[in-house]
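For reference, the chains in residue letters:
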Amino acid sequence: MTARWHRKKGQPTWLMGVLNCTPDSFSDGAGLSVSELVCKTEVMLSQGADIIDVGGESTRPNAEPVSLEEELARVIPVIQALPNDIVISIDTMKAEVMRQAIEAGASLVNDVSALTFDRDSLAVVAKSGVDVCLMHMQGTPETMQQAPKYVNVLAEVIQFFERRIDACLAAGIKRTSIILDPGIGFGKNLEDNLTLIANIDQIKRKFALPVLLGASRKSFLGKITGSDIHHREVETAVASAIGVFNGVDMVRVHDCTLHHPMMVAAKLADYRQLSVC
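Residues numbered from 1 in each chain as written. Predicted model: local features only at pLDDT ≥ 70, side-chain atom pairs only at ≥ 80, totals over all residues. Heavy atoms only, no water.

1. As for the sheet that holds strand β7 (residues 212-213)
Phase 1 of the analysis: The strand order β6-β5-β4-β3-β2-β1-β8-β7 describes an open sheet built from 8 strands, whose pairing is parallel. In this open sheet, the two edge strands, each paired with only one partner strand, are β6 (178-181) and β7.
Phase 2 of the analysis: Inspection of the sheet shows strand β3 (residues 87-91) paired to strand β4 (residues 108-111) by 3 bridges, in the parallel sense. When the sheet's bridge partners are listed, S89 is paired in β4 with L108.
Phase 3 of the analysis: Of the strands in this sheet, β5 (131-135) and β6 touch helix α5 (residues 153-171), which is tilted by about 150° from β5. (Pairing = 2+ DSSP bridges. Helix = DSSP H or I, 4+ residues; strand = E, 2+ residues; numbered from the N terminus. Contact = heavy atoms within 4.5 Å. Axes fitted to C-alpha atoms, helices over the stretch in contact; angles between N-to-C directions.)

2. Let's talk about helix α7 (residues 200-207)
Phase 1 of the analysis: Regarding α7, the residues found buried are I200, I203 and F207. Mapping the buried residues of α7 onto a view down its axis gives an arc of 55°, with all of them on the same face.
Phase 2 of the analysis: In this structure, the buried residues of α7 make contact with α5, β6, α6 (190-198), β7 and α9 (233-245).
Phase 3 of the analysis: Positive backbone phi, at 55°, marks A208, one or two positions downstream of α7. (Buried < 20%, exposed > 50% of the residue type's maximum accessible area, 1.4 Å probe, protein only. Arc of directions from axis to C-beta.)

3. Some thoughts on the packing of aromatic side chains
Phase 1 of the analysis: The tally for this structure, following the rule as stated, stands at 3 aromatic pairs.
Phase 2 of the analysis: A centroid spacing of 4.8 Å and a plane angle of 85° characterise the contact between W5 and W14, whose relative ring orientation is edge-to-face.
Phase 3 of the analysis: Assessed through its relative accessible area of 3%, W5 is described here as buried.
Phase 4 of the analysis: On the accessibility criterion, W14 (22% relative accessible area) is partly exposed.
Phase 5 of the analysis: Seen from their ring centres, F160 and F161 are 5.9 Å apart, and the 55° between their planes marks the pair as tilted. Neither residue differs from the other here; F160 and F161 are each classed as buried.
Phase 6 of the analysis: Aromatic rings pair up to connect F160, F161 and F207 into one cluster. (Phe/Tyr/Trp six-rings, centres within 6.5 Å; stacked < 30°, edge-to-face > 60°.)

4. Description of the pairing of β3
Phase 1 of the analysis: Most of β3 is tucked away, with 5 of its 5 residues classed as buried.
Phase 2 of the analysis: Both faces of β3 are covered, namely the face carrying V87, S89 and D91 and the face carrying I88 and I90.
Phase 3 of the analysis: Note: strand β2 (residues 51-55) against β3, 5 bridges, orientation parallel. Across the sheet, the residue bridging to I51 is V87, located in β3.
Phase 4 of the analysis: Chirality of the crossover, the property in question, places the unit of β3, helix α3 (residues 95-104) and β4 among those that are right-handed. (Right-handed = clockwise from strand over helix to strand, strands pointing away.)

So, to be careful, I would describe these as geometric facts and stop short of saying anything about function.
In structure tokens, the structure reads:
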């Protein structure tokens, strides 16, 4: 059976728009009100977003944990205020946030810990039947960029996914509900990130599951071009287009403008031209 989030032949990649309900996100959020966040969602939907990823705890490098009560207060009112006919993802590591977000209307769980942070997360996802995105991260948001190190980053990410998929299946989560995210920028250095993007097709072939690429505004892009965090939209779009070229099914971005299907198609055509020169 084909998973829902596989990119369909001849169709654009699924577009996940980031909705940060945090005052300390690495690039946006800034404590916007519920009404302002709803307006931001409407803009992303008008720009082609298929999924709105709601998050109430920053996972930037060196981010400090947020209490359960504070995270719930940030995300649940927003999810309740969003249109009920859109696909909402909840970006959290906490099982209770997952549970309440699903009750409020979320139909996808996006967990940077791949359901390892909270021992109840596997059961919550399995019982609800929602889709889940499993991301690879070395360390925690507080420690992940201090000294990331791999012998073979691609092989180690694949081994991690093997273990987490097995855990999900054992808990009763359907294989067709799973999306994989190699975790660009989460406990990886520049070369690690480039290796994963260049070889993301191997992850796709290995598991035959949808793969998400989240390179939006990440620091490795700034290391390549020298751009600061607020001027990396072109770099983000190019990284996404390369990911599409290599088979990703979904891209997660802060600004959907340059990720409209027509824009991605144009960048992909440019990349293909360069690849044969």
